[in-house]
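Each chain, written out:
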Amino acid sequence: MSQQAKSGLDAIDEGPVPSDAAGPTAAGAPADPAGHPSVAALIARFGTAIIHHEVSAGDQHVVHVDPTRNLEILGWLRDDPAQRYDLLADVTAVDFGGGRPLQVVYQLWSIPHRRGLRVKCLLALDALEVDSVVGLWNSANWLEREVYDLFGVTFRGHPDLRRILMPMDYAEGHPLRKDFPLRGRFSRAEQTRRALAQDLDKFYTPHDIKIGREPQQVTLPAAPAPKGTGAES
Amino acid sequence: MGVNLPGVGAGAGSGGLFGQGSPTFLTTKIDYVVNWARRESLWPMPFGTACCAIEMMAAFASDFDLSRFGMERMSFSPRQADVLICAGRLPYKLAPVLRRIWDQMPQPKWCVSMGACASTGGVFDVYSMVQGIDTIVPVDVYVPGCPPRPEGLIYALMMIQEKIRQESLTEHYELRAEDPARVASPRASDAEVVALSGPFGNSTQQNKLVGGMEVKAAPPSDDLIP
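Thresholds applied
- Residues numbered from 1 in each chain as written.
- Chains lettered and ligands numbered in written order.
- Predicted model: local features only at pLDDT ≥ 70, side-chain atom pairs only at ≥ 80, totals over all residues.
- Helix = DSSP H or I, 4+ residues; strand = E, 2+ residues; numbered from the N terminus.
- Buried ≥ 20, exposed ≤ 12 C-beta atoms within 10 Å, placed from the backbone.
- Contact = placed C-beta atoms within 7 Å.
- Pairing = 2+ DSSP bridges.
- Axes fitted to C-alpha atoms, helices over the stretch in contact; angles between N-to-C directions.
- Parallel < 35°, antiparallel > 145°, perpendicular 65-115°, else oblique.
- Core = buried A, V, L, I, M, F, W, Y, C linked by C-beta atoms within 7 Å.

Looking at the overall build of chain B
For step 1, the next point in the chain: If you tally the helices and strands in chain B, you get 8 helices and 4 strands.
For step 2, the next point in the chain: Along its sequence from the N terminus, chain B presents helices and strands in the succession α-β-α-β-α-β-α-β-α-α-α-α.
For step 3, the next point in the chain: By residue count, 32% of the 226 residues in chain B fall in the buried class.
For step 4, the next point in the chain: Put simply, 75% of the contacts in chain B that link residues at least 6 apart link residues at least 24 apart.

Structural data, given as structure tokens:
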């Protein structure tokens, strides 16, 4: 490992450091846009903002889009009548290491058209910021918090961007980055002390935990009368 | 006509265990009675975080039937529990929860670390995992296995019973007194935590810490047939 042994917060302040390991290439061979109706429509409408298109794992179409226009493009994919990607199945990220850009991945599914599409935004390691899509899909809320927690990507406009998996006062950085040491940056003794010093009541009040809405009154339509009872006219 | 207990009362005859007449009494040692009561009614506090908890449930279910030992009452409140069974891996985020449960349990109390992850961190030698719960709470019995069979857990609880059998009220203070200042703090010192959680730490380091690194050949037992 070429990286010097670091301790404490110094390594975090330096930000992401490219790893030396050679990994798989981030982008595959360009594919034919005609293979997927949404990809052809995207290229027709947004032109150069659609940076790259490839097919992964047989039939999964992947488009790389301009990260500065992700909100516009994803909003169009959700609202255009020919697309209707109304289900955001996943938001995640991939760090390939080696100084390559970090990818934020949106996995979309169109329920009316029964079509899937994967949209990726490539972010340079020194500018890990992208617009939040919580305004488009509520399911992005916790998923973007997870990406922020584990990769350190800042989502502009997120209503509640804080850690979700790691402890709230976790100070060692973002664990799923390639430059994150496997056992963390602090000694085990320091980690144990910090873990036990957590004040859970400080972060999780009963008010915070109450995430659901009040139960809703549901009125079901009247069931039709069963046949053969003479009730039908 | 009174209570009709075998060996007690009018119908028991002269061969009864307690003799004739009522009330009956017997003489014994207070240590024996107290330890008997404690070890035959251990109430476990299940702290199941992973697959070990499945084996723990199997141990409590009918095939293995831990209630034979007076332990059928799983205590989901630490305030009415005697044995903390940590079954499964413990992330650092959960460490204060385990420690608080231990602090809330009244003395006398014991702790079983069930499985490789709870005892040593197991395969999870990573940033998020406690490398052995003995850095957090004092552990009485470690159960090896990944996960251990229900028999392993039963054997661990029988070892706790054996431990209780050898206790005496005269050593109650040394064994059971707790320093209120140590609440919610790691059990182990910094040096010990580092030693325990090094690579392959717990199994070898525990030997080193208790001074048992010089493994001597056991003397041949007298029971062996030559």
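So, next bit.
Some details on the overall build of chain A
For step 1, the next point in the chain: The helix and strand tally for chain A stands at 7 helices and 7 strands.
For step 2, the next point in the chain: In chain A, the order of α-helices and β-strands from amino to carboxyl end is α-α-β-β-α-β-β-β-β-α-β-α-α-α.
For step 3, the next point in the chain: In chain A, which comprises 233 residues, the share counted as buried stands at 30%.
For step 4, the next point in the chain: Counting only contacts in chain A whose residues sit at least 6 apart along the sequence, the fraction spanning at least 24 positions is 54%.

Describing the sheet that holds strand 2 (residues 83-87) of chain B
All names here are of chain B.
For step 1, the next point in the chain: Reading across from one edge, 1-2-3-4 is the order of the 4 strands in this open sheet, with parallel pairing throughout. Two strands in the sheet have a free side with no partner beyond their single neighbour: strand 1 (44-48) and strand 4 (141-143). On average, adjacent strands in this sheet sit at an angle of 15° to one another, irrespective of strand direction.
For step 2, the next point in the chain: Against the sheet, helix 5 (residues 150-165) engages strand 2, strand 3 (110-114) and strand 4, with an angle of about 170° to strand 4.

Describing the sheet that holds strand 1 (residues 50-56) of chain A
All names here are of chain A.
For step 1, the next point in the chain: Spatial ordering of the open sheet is given by 1-2-5-4-3, a layout of 5 strands whose pairing is mixed. One side of each edge strand has no neighbouring strand; the edge strands of this open sheet are strand 1 and strand 3 (87-94). Taken pair by pair, the neighbouring strands of this sheet meet at an average axis angle of 20°, ignoring direction.
For step 2, the next point in the chain: Bridge count for strand 3 against strand 4 (residues 102-110) is 7 bridges, and the pairing is antiparallel. Bridged to Val 91 within strand 4 is Tyr 106.
For step 3, the next point in the chain: Across the face of the sheet, helix 4 (residues 140-151) comes into contact with strand 3 and strand 4 while running at roughly 5° to strand 3.

Considering unusual backbone geometry
Residue and element names in this part refer to chain B.
For step 1, the next point in the chain: Backbone torsion omega between Gln 107 and Pro 108 reads 0°, so that peptide bond is classified as cis.
For step 2, the next point in the chain: You can see Pro 108 is positioned in the loop between helix 3 (95-104) and strand 3.
For step 3, the next point in the chain: Here the bond from Cys 146 into Pro 147 is cis, since omega is -10°, no more than 30 degrees from zero.
For step 4, the next point in the chain: The residue Pro 147 is located in the loop between strand 4 and helix 5 in this model.

Quick notes on the environment of Asp 86 of chain A
Residues and elements named next belong to chain A.
For step 1, the next point in the chain: Along the polypeptide, Asp 86 turns up in the loop between helix 3 (70-79) and strand 3.
For step 2, the next point in the chain: Assessed through the 16 C-beta atoms surrounding it within 10 Å, Asp 86 is described here as partly exposed.
For step 3, the next point in the chain: Placed 13 residues apart in sequence, Asp 86 and Gly 99 show a C-alpha to C-alpha distance of 34 Å.
For step 4, the next point in the chain: Beyond its immediate stretch of four places on either side in the chain, Asp 86 contacts Arg 78, Ser 110 and Ile 111.

Things to note about the packing of helix 2 (residues 52-60) of chain B against helix 5 of chain B
All names here are of chain B.
For step 1, the next point in the chain: Where helix 2 contacts helix 5, the two axes come as close as 8 Å, and the packing angle between them is 70°. It follows that helix 2 is roughly perpendicular to helix 5 by the angle criterion. For the pair helix 2 and helix 5, contact is made by Glu 55, Met 56, Ala 58 and Ala 59 and by Pro 150, Leu 153 and Ile 154, respectively.

Thoughts on the nonpolar core
For step 1, the next point in the chain: One finds Val 83, Leu 84, Ile 85, Cys 86, Leu 98, Val 112 and Met 114 of chain B to be the most contacted residues of the largest nonpolar core, which totals 45 residues.
For step 2, the next point in the chain: Dropping the residues within four chain positions of it, Cys 86 of chain B is found in contact with Phe 47, Leu 98, Ser 113, Met 114, Ala 118 and Ile 133 of chain B.
For step 3, the next point in the chain: Grouped together as the second largest cluster of nonpolar side chains are 32 residues, Ala 93, Cys 121, Val 134 and Phe 151 of chain A included.

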